[in-house]
Amino acid sequence: ALLILDVDHFKRINDTLGHEAGDAVLRALGGLLRNSIREVDLAARLGGEEFVVLLPETTLAAAREIAERLRKSVEAQPVEWRGKTIEVRISVGVAACPESVGEPRHLVRVADEALYRSKAEGRNRVTVAGPGTVDQGLDFA
């Protein structure tokens, strides 16, 4: 399974508090991810304010639970920076093989599409890519 998560309104943090505050948010989120996943999982910064979490041998239902737990953990742990409290929220897209896609190479694109649905539907939420999200006959490689 794969999670793609994005810090909600990250530009607002950078614009109102500065890029050092944004960097503090990214470091805190990276630390939270590192401390919240299993040894077999892999968390990495995808770019900007986006992170991915690879969850080997994890079902779609279990990945959704993990994503929701991460979302709640982020919400419950504001970032303290230079005497200011920064409330952080994330949106998450979840996909798994074979439940969402027929082949692992489609996971990133489908999880990213689910992430954008989370953003479009109000942010601070988890959206799961359901069965048959990708036409199994197409080659997107």
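Use the structure listed above.
Residues numbered from 1 in each chain as written. Predicted model: local features only at pLDDT ≥ 70, side-chain atom pairs only at ≥ 80, totals over all residues. Heavy atoms only, no water.

> Help me out: how do you make sense of the pairing of strand E2 (residues 42-47) in this one?
Sheet faces and side chains relate simply in a regular strand, where the side chains alternate between the two faces. Bridge analysis of E2 against strand E3 (residues 50-54) gives 5 bridges, and the strand direction is antiparallel. Across the sheet, Ala 44 pairs through a bridge with Val 52, a residue of E3. From the end of E2 to the start of E3, which pair antiparallel, there are 2 residues, and Gly 48 there has a positive phi angle of about 55°. (Pairing = 2+ DSSP bridges. Helix = DSSP H or I, 4+ residues; strand = E, 2+ residues; numbered from the N terminus.)

> Even after reading the chapter, I still don't get helix H1 (residues 10-17), so can you show me in this structure?
An α-helical segment advances 3.6 residues per turn. Residues three or four places apart therefore align on the same side. Burial in H1 covers these residues: Phe 10, Ile 13 and Asn 14. Considered in projection along H1, the buried side chains sweep an arc of 95° and stay on one side of the axis. When the buried face of H1 is taken as reference, the exposed residues oriented beyond 90 degrees from it are Lys 11, Arg 12 and Thr 16. Buried residues in H1 make contact with strand E1 (2-7), helix H2 (19-36) and strand E5 (84-86). Phi for Gly 18, located one or two positions after H1, is positive at around 105°. (Buried < 20%, exposed > 50% of the residue type's maximum accessible area, 1.4 Å probe, protein only. Arc of directions from axis to C-beta. Contact = heavy atoms within 4.5 Å.)

> I would appreciate a short explanation of the side chain of Asp 41 in the present structure.
Residue position: Asp 41 is located in the loop between H2 and E2. Since its relative accessible area comes to 9%, Asp 41 is described here as buried. Among the polar contacts made by the side chain of Asp 41, one reaches the side chain of Arg 38 at a distance of 2.6 Å. For Asp 41, the residues in contact, after removing those within four places along its chain, are Leu 54, Leu 55 and Pro 56. (Polar contact = N/O pair within 3.5 Å; in protein donor to acceptor, adjacent residues only side chain to side chain.)

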